[in-house]
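Examination of the molecular architecture
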Amino acid sequence: MTQHPEWFTTLPDGSIAYAENPPKKYQDIYPINFDNDPEGIRAEVLRIVRHWIAQGVKIFRVDNPHTKPLQFWEWLIATVNAEDPDVVFLAEAFTRPSPLQALAYSGFQQSYSYFTWRNTKPELEEFLRWISDDTADFMRPNLFVNTPDILTEYLQYGGRPAYKIRAAIAATGGASYGVYAGYELFENVARPGSEENIDNEKYEYKDRDWARAEAEGRSLAPYLTMLNRARREHPALGQLRNLRIHWSDDDAILVYSKHLDGAFTPNGRPDTIIVVANVDPHSVRETTVYLDLEAIGLQKGDTFGVKDLVTGQRWTWTDADYVRLDAFTEPVHILAVEPQKGR
């Protein structure tokens, strides 16, 4: 700021304009004005990025990139990836769909999304269709369950069930997901009048006793471990375009599947996951779910075995199945379709 005051915006009173992403204000951040000395700014940003790559950094989370010129990101990402194709840029942009998609077009390999604010069954169905179909060719969404300054009412008031539901859908609905520290401990106290954790790590250092919380049964870490194990063992969960929405008779029971043909799996066998989630964290739901079996490589009327990766229970399913999901115990089935004889 001292050496290059022209890189910033000076207000009429002589102060430097701080960053804003309405309705939020960031009075400790001074954004660069890309209209002034664009070549000099490009050279300096590239120098800084190269410095961190040399230290071993391969992932760059870019804060609010939609408030910067798209041409800049297109140039920077292309330049960096030409030198090191393993470097990933994540667009941390909670913005309208059009600029979010434009950032993906400009080269960002991953993008934040509106997953955090999609909580009801219709909202989630629409969102999952959008990321797996409408934008799948150019946008790779990262489904974050929380951030330091995003603590939605769903998490504030949904208790442990809400945390399980959000984690399960994030881990299975997209191809990549994120969890910010403290989620495992169900930290749900908001700063008054806002959607952010009170006294979060933007304001103070957090010393969390992870081991004690897990020993006392107050940690979601074992659940997250189960989700990550499922993602490692089931290649269908690593894909984006293979998601299909199925029907249930209940307005809070979300049903979707991910299927991968054996030609695309390491062991040559089909891999299929069916997720049935009670998205109301305050209820017990009983209903019938209806599956499009052809979408998961089976034929109408087939019966098949499923194993719940959450509880280890096994059942025989067909295209219409009864479910009962108690949000206060296990609100989500994550069902692995077991190999069929003769298939």
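One structure accompanies this document, and this report is about it. In this text, all values refer to a predicted model and were calculated from it rather than measured experimentally.

1. With respect to the side chain of Ser283
- Summarising the element assignment, Ser283 is placed in the loop between β10 (271–278) and β11 (284–290).
- Sequence-distant contacts of Ser283, that is, excluding residues within four places in its chain, are made with Asn278, Leu325, Asp326, Ala327 and Phe328.

2. Considering the nonpolar core
- Phe89, Ile169, Leu227 and Val279 are the most contacted members of the largest nonpolar core, which totals 72 residues.
- Per element, the largest residue contribution to this core is ten residues, and it comes from helix α5 (residues 153–173).
- Other than its neighbours up to four places away in sequence, Val279 contacts Asn119, Thr120, Lys121, Leu124, Tyr154, Ile165, Ile169, Ala252 and Leu254.
- Within the second largest apolar cluster, 16 residues are counted, among which are Leu293, Val323, Leu335 and Val337.

3. With respect to the environment of Asn242
- By the element assignment, Asn242 lies in the loop between α7 (221–233) and β8 (243–248).
- Its relative accessible area of 11% is what places Asn242 among the buried residues.
- Measuring from C-alpha to C-alpha, the distance between Asn242 and His259 comes to 6.0 Å, with 17 residues separating the pair along the chain.
- Beyond its immediate chain neighbours, meaning those up to four positions away, Asn242 contacts Ala236, Ser257, Lys258, His259 and Leu260.
- Within polar-contact distance, the side chain of Asn242 engages the backbone oxygen of Ala236 at 3.1 Å.
- Polar contacts involving the side chain of Asn242 include one to the main-chain carbonyl oxygen of His259, which spans 3.2 Å.

4. A few points about the sheet that holds strand β12 (residues 304–308)
- The antiparallel open sheet is built from eight strands, whose spatial order is β13-β12-β15-β10-β9-β8-β11-β14. Edge positions in the sheet fall to β13 (314–317) and β14 (320–326), since each has one partner strand and no second. Across the sheet, the mean angle from the axis of one strand to that of its neighbour is 35°, orientation sign disregarded.
- Sheet topology note: the strand β9 (residues 253–260)/β10 ladder contains eight bridges and is antiparallel. Across the sheet, the residue bridging to Ile253 is Asn278, located in β10.
- This element, α5, spans β8, β9, β10 and β15 (332–337) of the sheet and lies at about 30° to β9.

5. Re the sheet that holds strand β4 (residues 88–92)
- Ordered in space as β3-β4-β5, the three strands form an open sheet in which the pairing is parallel. Each edge of the open sheet is held by one strand with a lone partner, namely β3 (59–63) and β5 (110–111).
- Bridge analysis of β3 against β4 gives five bridges, and the strand direction is parallel. Looking at the pairing, Phe60 lines up with Phe89 of β4.

6. Remarks on the pattern of salt bridges
- The final tally for this structure, using the stated rule, is 22 salt bridges.
- Asp199 serves as the salt-bridge partner of Arg191, at 3.8 Å between the closest nitrogen and oxygen.
- Overall, Asp199 belongs to the partly exposed group, its relative accessible area being 34%.
- Connected through shared salt-bridge partners, Asp149, Arg191, Glu196, Asp199 and Lys202 make up one network.

7. Some details on the environment of Ile334
- Structurally, Ile334 can be placed in strand β15.
- Note: C-alpha distance between Ile334 and Ser257 (77 residues apart in sequence) is 9.5 Å.

Quick notes on the rules
Residues numbered from 1 in each chain as written. Predicted model: local features only at pLDDT ≥ 70, side-chain atom pairs only at ≥ 80, totals over all residues. Heavy atoms only, no water. Helix = DSSP H or I, 4+ residues; strand = E, 2+ residues; numbered from the N terminus. Contact = heavy atoms within 4.5 Å. Core = buried A, V, L, I, M, F, W, Y, C linked by side-chain atoms within 4.5 Å. Buried < 20%, exposed > 50% of the residue type's maximum accessible area, 1.4 Å probe, protein only. Polar contact = N/O pair within 3.5 Å; in protein donor to acceptor, adjacent residues only side chain to side chain. Pairing = 2+ DSSP bridges. Axes fitted to C-alpha atoms, helices over the stretch in contact; angles between N-to-C directions. Salt bridge = Lys/Arg side-chain N within 4 Å of Asp/Glu carboxyl O.

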